[in-house]
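# A structural walkthrough
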Amino acid sequence: MAKSKPRIKVPKTATKGEIIEIKTLISHKMETGLRKDKKTGDKIPRRIINKFSCKLNGKEVFSADWHPAVSANPYMSFHMLANESGTLEFSWVDDDGSLYTKKTKLQVS
Amino acid sequence: MGPNVIKLALVAGLTAGFASAATADGDWGSYQVGDLRSGYTYAATETRAIQDEDIENPAFLWVDYGGELWEDVDGDAGKACASCHADADDSMKGVGARYPVYSQELGKPINLEQRINKCRVDNMQAKALKWESRELLALTTYVKNQSRGMPIEVDVSGPMQSFWEKGKAFYNQRRGQLDMACASCHEDNAGNMIRANLLTQGHSNGFPTYRLKWQKVGSLHRRFRGCNKQVRAAPYGYGSDEYVNLEVYLSTRGSGLPVETPAVRN
């Protein structure tokens, strides 16, 4: 499988107390584990991203457990209260143990 | 449009927070040119919402990947696409809107996928990319994306004329066990239901397209093959002359519609 690459959209600046929307997208096949190989009949092993989380300055602000019904190339958006500036770190955990991450700066004034 | 649909559209609009260019029935903005309606106008509200915002559109993962490949050196000549074409933002602008074009060398029209592979083989001395591979889809989507919003305008004069005729004949030729032509659905019944699906006018302006059913980006020829199989006809090969000719005809059928690549469809 091609390497999973995330895309994120976070407002560059926000005023203190503002509720901002954060959008993320990552490429992933999200193989459910329920499909069979058409030729051999063998089950294709499950391989999904099972956990998504977002941390601000190392403190978790949002996380989600994902299950096999989540579509390929999952899109996730959520809102957060902008209280402090810092680095937002996004992470996606793959069934095979791989970790995909992306960081961005958030400026709160 | 019933009250429920309107409510749904409002809710979708509010939660997603997008400024949709066209939501009201009958006013499709740039997605409609005269009687020509892009597949966008037949798509469900939720599907349109995904296309409306680039960050939500999963096809942009392919566009990003295409941008990386553009810079990647490959082949014996030690070149990347960027070595000759530099910045795709400038050099590839409008290319997607005027393909397929006539190739003097081959004596027949070639489409974007074939042009990319020809460049790879002739100029980069690299291997041709496989049809429907992630790489070829990414490059095609990336290149065509540079023309987004520009009206499709394919030159079918001169030597292209006879191939256009063939494409048109293919379009109107009944085929398969169901004895249906492309026109049976997309000309005679556009806007009607075929079982659970709404038939569109079948324009090619959004391809390569992210299909929710495919869960990935697919080429126009994949769509052709799918349609052919559905009428129980043997599909032609990817990049076959028959399909390239059909692509030529389709481009004039939807001439003037803006390039939407990468579109999102059900």
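Position numbers for residues start from 1 in each chain and track the written sequence from start to end. Going through the entries in the order they are written, you letter the chains from A and number the ligands from 1. Owing to the predicted nature of the model, reporting of local features is limited to residues with pLDDT of at least 70; listing and counting of side-chain atom pairs is limited to 80 or more, with chain, interface and lining totals taken over all residues.

## Some details on the overall build of chain B
Rules: The numbering of helices and of strands both runs from the N terminus, where a helix is a DSSP run of H or I of at least 4 residues and a strand a run of E of at least 2. Between the two quantities, the radius of gyration covers C-alpha atoms and the globule rule is 2.2 Å times the number of residues to the power 0.38. Partly exposed residues are those whose C-beta has more than 12 but fewer than 20 other C-beta atoms within 10 Å; 20 or more makes a residue buried and 12 or fewer makes it exposed, with C-beta atoms placed from the backbone. The contact criterion used here is simple: two residues whose C-beta atoms, placed from the backbone, lie within 7 Å are in contact.
Looking only at helices and strands, chain B has 12 helices and nine strands in total. Computed over its C-alpha atoms, the radius of gyration of chain B comes to 19 Å, within 12% of the 18 Å expected for a compact globule of 266 residues. By its C-alpha atoms, chain B is 60 × 45 × 30 Å across when sized along the principal axes. Taken over 266 residues, chain B has a buried fraction of 36%. Intrachain contacts of chain B at a sequence separation of at least 6 include 70% that bridge at least 24 residues.

## A short note on the overall build of chain A
The helix and strand tally for chain A stands at zero helices and eight strands. Beginning at the N terminus, the succession of helices and strands in chain A can be written as β-β-β-β-β-β-β-β. Here the C-alpha radius of gyration of chain A, 16 Å, is well above what a compact globule of 109 residues would show, namely 13 Å. Principal-axis analysis of the C-alpha atoms gives chain A an extent of 60 × 20 × 20 Å. Counting only residues that meet the buried cut, chain A has 16% of its 109 residues in that class. Residue pairs in contact within chain A that sit at least 24 positions apart in sequence constitute 54% of those at least 6 positions apart.

## Points about the pairing of strand β7 (residues 86-94) of chain A
Residues and elements named next belong to chain A. Cut-off, in case you're wondering: Here, strands pair whenever DSSP counts at least two bridges between them.
In this structure, strand β4 (residues 49-56) lies alongside β7, joined through seven bridges in antiparallel fashion. Along β7, the bridge assignment pairs isoleucine 49 with aspartate 94. Between the end of β7 and the start of strand β8 (residues 99-108), which pair antiparallel, lie four residues, with glycine 97 showing a positive phi angle near 95 degrees.

## Thoughts on the nonpolar core
Quick note on the threshold: Here, a nonpolar core means buried Ala, Val, Leu, Ile, Met, Phe, Trp, Tyr and Cys residues linked by C-beta atoms lying within 7 Å of one another. Residue ranges assigned to the domains are those given by an automatic or database domain assignment.
Of all hydrophobic cores here, the largest spans 36 residues; its most connected members are Ala59, Leu61, Trp62, Ala138, Leu139, Tyr142 and Val143 of chain B. Within the residue set of this core, elements represented by two or more residues are β3 (18-26) and β4 of chain A together with α2 (45-52), α3 (60-71), α7 (112-122) and α8 (134-145) of chain B. Each of two domains, domain 1 (36-43 + 154-265) and domain 2 (60-145) of chain B, supplies a minimum of three residues to this core. Not counting residues within four places of it along the chain, the set of residues in contact with leucine 61 of chain B comprises Lys5, Arg7, Leu25, Ser27 and Asn73 of chain A. Counting residues in hydrophobic clusters, the runner-up holds 19 residues, among them Ala97, Leu246, Leu257 and Val259 of chain B.

## Describing the interface of chain A and chain B
Using the following cut-off: By the convention adopted, Pro, Cys, Tyr, Trp, Phe, Met, Ile, Leu, Val and Ala count as nonpolar, Lys, Arg, Asp and Glu as charged, and the other residues, Gly among them, as polar.
Contacts between the two partners involve 12 residues from chain A, matched on the other side by 10 residues from chain B. Where the side of chain A that touches chain B is concerned, the elements lending two or more residues are β1 (6-9) and β3 of chain A. When grouped by side-chain class, the residues that make up the side of chain A that touches chain B number four nonpolar, three polar and five charged.

## Observations regarding α7 of chain B
Residue and element names in this part refer to chain B. The condition that has to hold: By construction, the arc corresponds to the directions joining the helix axis to the C-beta atoms.
Along α7, the residues classified as buried are Leu112, Glu113, Ile116, Asn117 and Arg120. Relative to the axis of α7, the buried residues are bounded by an arc of 135 degrees and lie together on one face. Check the buried side of α7 and you find it contacts α6 (95-98) and α8.

## Digging into the environment of glycine 17 of chain A
All names here are of chain A. Summarising the element assignment, glycine 17 is placed in the loop between β2 (13-14) and β3. Exposure remark for glycine 17: the 9 C-beta atoms within 10 Å place this residue in the exposed category. For the pair glycine 17 and valine 108, spaced 91 residues apart in sequence, the C-alpha to C-alpha distance is 9.0 Å.

## With respect to the domain arrangement of chain B
All names here are of chain B. Along its sequence, chain B is organised into domain 1 (36-43 + 154-265) and domain 2 (60-145). The C-alpha-based centres of domain 1 and domain 2 are spaced at 22 Å. Listed by partner, the interface residues are 19 residues for domain 1 and 21 residues for domain 2. Within the residue set of the side of domain 1 that touches domain 2, elements represented by two or more residues are α9 (160-172) and α12 (241-253). The element best represented in the side of domain 1 that touches domain 2 is α12, accounting for five residues. When grouped by side-chain class, the residues that make up the side of domain 1 that touches domain 2 number 11 nonpolar, four polar and four charged.

## Some thoughts on unusual backbone geometry
Backbone torsion omega between tyrosine 99 of chain B and proline 100 of chain B reads 0 degrees, so that peptide bond is classified as cis. Counting through the fold element by element, proline 100 of chain B comes out in the loop between α6 and β3 (101-103). For the peptide bond that leads from phenylalanine 207 of chain B to proline 208 of chain B, omega is -10 degrees, which places it in the cis range. With respect to the element layout, proline 208 of chain B can be found in the loop between β6 (197-198) and β7 (209-211). Even without glycine at this site, asparagine 73 of chain A takes up a positive phi of about 50 degrees. Within the secondary structure, asparagine 73 of chain A is located in the loop between β5 (59-65) and β6 (75-82). Exposure remark for asparagine 73 of chain A: the 23 C-beta atoms within 10 Å place this residue in the buried category. Positioned with a positive phi, glutamine 215 of chain B is a non-glycine residue whose angle comes to about 60 degrees. Its location among the elements puts glutamine 215 of chain B in the loop between β7 and β8 (216-218).

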